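Okay, here's what each chain looks like letter by letter:
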Amino acid sequence: MRRRPLLTALAVVFGLTFAGHQVVADVRTSAAASAEPAAAAAEELRPLTSDCSGGYVVLTFDDGPRQHTGALLDRLRDLGLPAVFFWSGHNVEGRGELVRRAVAEGHVVGNHAQSHADLTTGELPSGEQVSPWGDEQIREELRRASELLVAEGAPQPELYRPPYGAVNQQVDDVARELGLRLVMSFGRDATDNLVDSHDTEGVSAEEIAANVVGPLRDGSIVTMHDGLGQATLNSIAALQPIVDAMNERGLCATTEVRPDADGRVLEPGFVGAQVPSAAPKASAKG
Ligand SMILES: [Zn+2]
């Protein structure tokens, strides 16, 4: 990883100085996996050109809108990818422009709760506990997030993704009352076809791409994040190799989320789903 900034800088210098020469392509290949925004202008992107003969996948991004959402929207536009965003109300406040832009560019915006609370317990990202916690509080968390998105020009959200993947029947009952349908960020097994990029776990763009490309097939719903720092830059950089694989496999991107996107967590006998992780909650995926 230490070599990346240097390679990026070299790519920019070569790109400007020797444009058209073969060495440019070679250097750019090395820099393509880098997430440095400075390289973006010099990078030649290979957009989606698939004929859709292999089917459709849904790319989802949780936790925005935040510091890199503009860059993410740029990359999605340049690669020709529509996406589904699950955004939290507290991040939407003051970022209405990004909501309007996402909608105008053909993306779908779903609900990721107002304050990114664990909807099964009322625990906030700060570790603070909302008490009491019940139907009324769950409803407030979901209702406020949808209200803010609509106030900024988004259509009434029809999809929700519970923060941390924490959901139970009570949460889903309240969500359904609000017209929200569950889209899980992970499944019980590979047959659920919910593809976790593991992009919040400190992995490189190459690893994120590999995690997605490996299982990617018709019907896949891919979970990535639009959060803070390098993790999101790596996710943005991973989109090119993902698109390359989609082109090879005849896959297209859609915002139409298949009806069984609940990871089967709400089948009879289900008690509750929670990401198994030793990581502190604030940095856990979801
Ligand atoms: Zn989240």
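Basis of the calculations
- Numbering of residues begins from 1 in every chain and follows the order in which that chain's sequence is written.
- Predicted model: local features are reported for residues with pLDDT of at least 70 only, side-chain atom pairs are reported and counted for 80 or more only, and whole-chain, interface and lining totals are derived from all residues.
- Residues with at least 20 other C-beta atoms within 10 Å of their own are called buried, those with 12 or fewer are called exposed, and the rest are partly exposed. The C-beta atoms themselves are positioned from the backbone.
- Strands are runs of DSSP state E lasting at least 2 residues, helices are runs of H or I lasting at least 4, and numbering of each runs from the N terminus.
- Two strands qualify as a pair provided that DSSP identifies no fewer than 2 bridges between them.
- For helices, the fitted axis covers only the stretch in contact; all axes are lines through C-alpha atoms, and the angles between them, taken along N-to-C directions, range from 0 to 180 degrees.
- The cut-offs work like this: below 35 degrees is roughly parallel, past 145 is roughly antiparallel, 65 to 115 is roughly perpendicular, and the gaps in between are oblique.
- Handedness of a helix crossing follows the sense of rotation of the near helix relative to the far helix, less than a right angle counterclockwise being left-handed and clockwise being right-handed.
- What counts as a contact here is a pair of residues whose C-beta atoms, placed from the backbone, lie within 7 Å.
- Under the grouping applied here, Gly and all other residues not named as nonpolar or charged are polar, the nonpolar ones being Ala, Val, Leu, Ile, Met, Phe, Trp, Tyr, Cys and Pro and the charged ones Asp, Glu, Lys and Arg.
- An arc is given here, and it is the one of the directions from the helix axis to the C-beta atoms.
- Along the chain, pLDDT gives the predictor's confidence residue by residue, from 0 to 100.

Among the five residues of strand β7 (residues 221-225), five are classified as buried, and the element is accordingly described as predominantly covered. Covered by surrounding structure in β7 are Ile221, Thr223 and His225 together with Val222 and Met224, the residues of both alternating faces. Pairing analysis gives five bridges linking strand β1 (residues 55-62) to β7, with the strands arranged parallel. Among the inter-strand pairings, Thr60 is bridged to a residue of β7, identified as Thr223.

Where helix α7 (residues 135-151) contacts helix α8 (residues 169-177), the two axes come as close as 9 Å, and the packing angle between them is 55°. On the basis of the axis angle, α7 is oblique to α8. Judged by the sense of rotation from one axis to the other, the crossing of α7 with α8 is right-handed. Between α7 and α8, the contacting residues are Asp135, Ile138, Arg139 and Leu142 on the first element and Gln170, Val171, Val174 and Ala175 on the second. Of the residues in the contact of α7 with α8, the class split is five nonpolar, one polar and two charged.

To continue, consider helix α6 (residues 96-104). All buried positions along α6 are accounted for by Leu98, Val99 and Ala102. Projected down its long axis, α6 shows its buried positions confined to an angular sector of 105°, all on one face. In this fold, the buried residues of α6 make contact with α4 (69-79), β2 (84-87), α5 (89-92), β3 (108-111) and α7. One or two residues past the end of α6 sits Gly106, with phi positive at roughly 95°.

What follows covers unusual backbone geometry. With an omega of -10°, the peptide bond running from Gly64 to Pro65 counts as cis. By the secondary structure assignment, Pro65 is in the loop between β1 and α4. Of the consecutive residues Ser131 and Pro132, the connecting peptide bond is found in the cis state with omega at 0°. With respect to the helices and strands, the residue Pro132 is situated in the loop between β3 and α7. Positive phi, normally seen in glycine, also occurs at Cys52, with a value near 70°.

Note that Ile242 resides in helix α10 (residues 229-249). When the C-alpha atoms of Ile242 and Ala210 are compared, they prove to be 8.3 Å apart, with 32 residues separating the residues in sequence. Once residues within four sequence positions are removed from consideration, Ile242 is found in contact with Ala209, Val212 and Val213.

Glancing now at the confidence of the model for the chain. Across the chain, the average pLDDT comes to 85, with 79% of residues at 70 or higher. Within the model, the stretch residues 1-35 combines pLDDT values under 50 with 45 contacts to residues more than four positions away or in other chains. For residues 276-285, every residue scores under 50 in pLDDT, and the model assigns this stretch 12 contacts once sequence neighbours within four places are set aside.

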